[in-house]
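Examining the three-dimensional arrangement
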Amino acid sequence: MREEEEIEPNPELAELASMYEEMSAKNAAAILNELDDAEAIRHMQEMNTENRSAILEKMEVEKAAVIMGAFAEPAAETG
């Protein structure tokens, strides 16, 4: 039995994601680098793929790898 995802729509996170998307990728990455991994992942879940990619490109490599791994997990479970 597969557990349902615990992620529920969150208007506050959607607003934060929108703010990050309005920033330069470099500045958004600098802020997200300072958050713990789980928090950065939650913030980035609400972003569109193009903006998420641009920000990940500017993040610290190790942190970007953790975030990419988190986004890849659901795909691996269903595929």
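In what follows, the structure referred to is the one given above.
None of these values were measured; they are calculated from a predicted model. (Residues numbered from 1 in each chain as written. Predicted model: local features only at pLDDT ≥ 70, side-chain atom pairs only at ≥ 80, totals over all residues. Heavy atoms only, no water.)

All right, on to helix α4 (residues 49–58) then. Every α-helical turn comprises 3.6 residues, leaving residues that sit three or four positions apart pointing alike. For α4, every residue scored as buried is listed here: R52, I55 and L56. Summarising the axial view, the buried residues of α4 lie within an arc of 100 degrees, below the 170-degree limit, and thus occupy one face. Of the residues in α4, the exposed ones pointing more than 90 degrees away from the buried face are E50 and E57. Between the side-chain oxygen at the start of α4 and the backbone nitrogen of E50 there is a gap of 3.1 Å, and the oxygen is on N48. (Buried < 20%, exposed > 50% of the residue type's maximum accessible area, 1.4 Å probe, protein only. Helix = DSSP H or I, 4+ residues; strand = E, 2+ residues; numbered from the N terminus. Arc of directions from axis to C-beta. Polar contact = N/O pair within 3.5 Å; in protein donor to acceptor, adjacent residues only side chain to side chain.)

Considering all chains together, one arrives at 0 aromatic pairs under this definition. Above the face of the F71 ring, R52 is positioned so that its terminal group lies 4.2 Å from the ring centre. (Phe/Tyr/Trp six-rings, centres within 6.5 Å; stacked < 30°, edge-to-face > 60°. Lys NZ or Arg CZ within 6 Å of the ring centre and 35° of its normal.)

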